[in-house]
Each structure stands twice: as structure tokens, then as C-alpha cells.
Amino acid sequence: MNIASYIDHTNLKPTASETDIRQLCAEAWEHQFKAVCVAPSYASYAKNWLEGSSIALCTVIGFPLGYHTETVKLKEAEQSLHDGATELDMVINISRFKSMAYLSVAHEITQLCELVHQGGALLKVIIETAYLDSFEIRTACEICVDAQVDFVKTSTGFAPKGAEVETVKLIRSLLPSTMQVKASGGIKTYEQAIAFIEAGATRLGTSSGVELVSN
């Protein structure tokens, strides 16, 4: 199995430097990862280092806590598209979701999805499963299906825990075949990567991509 084709090679550390991002892109070139995922402030910088490759440029919106206003998320997405991002991983407003303000959450996701698709990019919606029970995961997935997003993503990597195989299986069972699943958070070994792929994930967000493909 070509694990590299599943990997969003990621560095979202608050201390990441230009040197770190340059190295991230170089590793993506070397191993031909599916995408590179960086903070919005590094999107245009990473784009230059990926020029001429087929590697997607991914960035994050409303990251990592999700409670930016809808207006701010839309503006951040607009800027990221302008800077060359082709995939946007957006954190839902977990606080609003926990308040059962589902219409508000759905409106925000729908607005982001329309903007991203108009820009010719993909939207991955991070539902942060560490904070959700199975009913809430089902509800979040229903909202994502209605909004016609491209991926449902498990985690930011900043919550108490990341992706879990059983959770990925559940998400996969709740989505139509046209929508994909991205597992992220704590994926550090080849065995974990295979387990998530077998559970239905088509993308793996990880900062351990080199280690996974060097197994």
C-alpha cells in the first residue's frame, strides 16, 4: 500500500519556523505525500516551495478551538484561498454545537463550503471527536452531509485525544460514498496508519509522515 498518498504532512506547532516549513515541503517532495498542511500565515510561503509539484496545499481555519465568529472564518478562508491553499481544514464551533445551536453551526459550515468550492478548493470539517459522544458525532456528520463538505475530519491534534479507529468506522458509516474521512491526531506508527485506512479513512493528518513511510 502506498501510505504516502494518504498523508497530509503536517506542522501546526506554534513554534514552527520558516526553516521547519521549508523542511516539511522538502519531505513532501521526497516522499510524494498527498498534501502539506501548515498554518494560514505560512500558506503563501509553502506554496512557493511546492511550486511545480502535484502536492496539495492545505491550511486550517478557525484553528484549533473553533470559536472564531463566522465572519472571521470566512475572511480567513478567503485569504487562504488567495494565498494558494487548495484544501481548507475548518474547525466547527464546538461551543455553539455543545449549546445545541445546530442551525448556527450548519449555516457557518454551509457558508464556508460554498466559498471554498467557489474557489475550486476542498473543505474538510474538523468535528473534534474527543469532545463528542456518539449521538453528537452522528449529528455533526448529518450537518456536514447537508452542507456537502468534502471530508469529515476527526481531530485538531490539540484536544485531549486524537483519532480512534472505532470513531473513524462510525463516521464512515454515516457518510455517503461521495464524502471522505480524514483521521488525525496521534497517528505515529505504520500499524496505526493501516488500521485507520482499513477503518475507512482516505486521508491521514500527521506530523510523523516520514516515519510512517520509512517503516
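Going by the structure above, here's the rest.
Since the model is a prediction, treat every value here as computed from it, not as a measurement. (Residues numbered from 1 in each chain as written. Predicted model: local features only at pLDDT ≥ 70, side-chain atom pairs only at ≥ 80, totals over all residues. Heavy atoms only, no water.)

J.: Would you take a moment to explain the packing of helix α5 (residues 102-118) against helix α6 (residues 134-147) for this structure?
T.: When two helices pack together, their arrangement is given by the angle between the helix axes and the distance between those axes. One way to put it is that α5 packs onto α6 with a least axis distance of 9 Å and a crossing angle of 40°. Judged by the inter-axis angle, α5 sits oblique to α6. The two elements α5 and α6 meet at a crossing, and its hand is right-handed. Seen from α5, the contacting residues are Y102, V105, A106, I109, T110 and C113; seen from α6, they are F135, T139, I143 and A147. (Axes fitted to C-alpha atoms, helices over the stretch in contact; angles between N-to-C directions. Helix = DSSP H or I, 4+ residues; strand = E, 2+ residues; numbered from the N terminus. Parallel < 35°, antiparallel > 145°, perpendicular 65-115°, else oblique. Left-handed = near helix turned anticlockwise from the far one by under 90°. Contact = heavy atoms within 4.5 Å.)

J.: What's the story with the pattern of salt bridges in this structure? I'm lost.
T.: Oppositely charged side chains may form a pair once their charged atoms are brought near each other. Using the criterion set out here, one finds 13 salt bridges in the structure. Its salt-bridge partner being E164, residue K161 comes within 3.6 Å of it at the nearest N-O pair. In this structure K161 comes out as partly exposed when scored by relative accessible area, which is 40%. Residues participating in the shared-partner salt-bridge network are D8, E87, D89, K124, K153, K182 and R203. (Salt bridge = Lys/Arg side-chain N within 4 Å of Asp/Glu carboxyl O. Buried < 20%, exposed > 50% of the residue type's maximum accessible area, 1.4 Å probe, protein only.)

J.: Sorry, what's going on with the packing of helix α1 (residues 18-31) against helix α2 (residues 43-50) here?
T.: Close contact between α1 and α2 brings their axes to 9 Å; oriented N to C, the two are set at 40°. The interaxial crossing formed by α1 with α2 has right-handed handedness. Here E18, I21, R22, C25 and W29 of α1 lie close against α2, whose contacting residues are Y45, A46, W49 and L50. Counted by class, the contact of α1 with α2 contains seven nonpolar, no polar and two charged residues. (Nonpolar A, V, L, I, M, F, W, Y, C, P; charged D, E, K, R; others polar.)

J.: Even after reading the chapter, I still don't get the sheet that holds strand β4 (residues 87-91), so can you show me in this structure?
T.: One key point about sheets: their strands pair by backbone hydrogen bonds, in either a parallel or an antiparallel sense. Read around the barrel, eight strands follow the order β1-β2-β3-β4-β5-β6-β7-β8 and close on themselves; strand pairing throughout is parallel. With strand direction ignored, the average angle separating the axes of adjacent strands in the sheet is 25°. Where strand β1 (residues 7-11) lies against strand β8 (residues 203-206), three bridges are found, and the strand directions are parallel. When the sheet's bridge partners are listed, I7 is paired in β8 with L204. Along the sheet, α1 makes contact with β1 and β2 (35-38), crossing β1 at roughly 165°. (Pairing = 2+ DSSP bridges.)

J.: Honestly, the packing of aromatic side chains in this entry has me stumped. Any pointers?
T.: Any aromatic ring pair is given by two values, namely how distant the centres are and how the planes are angled relative to each other. Taken as a whole and assessed by the stated rule, the structure comprises four aromatic pairs. Through successive ring pairs, a cluster of aromatic residues spans Y42, Y45 and W49. In this structure, K124 packs its charged tip against the face of F151, placed 5.6 Å from the ring centre. (Phe/Tyr/Trp six-rings, centres within 6.5 Å; stacked < 30°, edge-to-face > 60°. Lys NZ or Arg CZ within 6 Å of the ring centre and 35° of its normal.)

Fair warning: the whole summary comes from geometry, so function is off the table for now.
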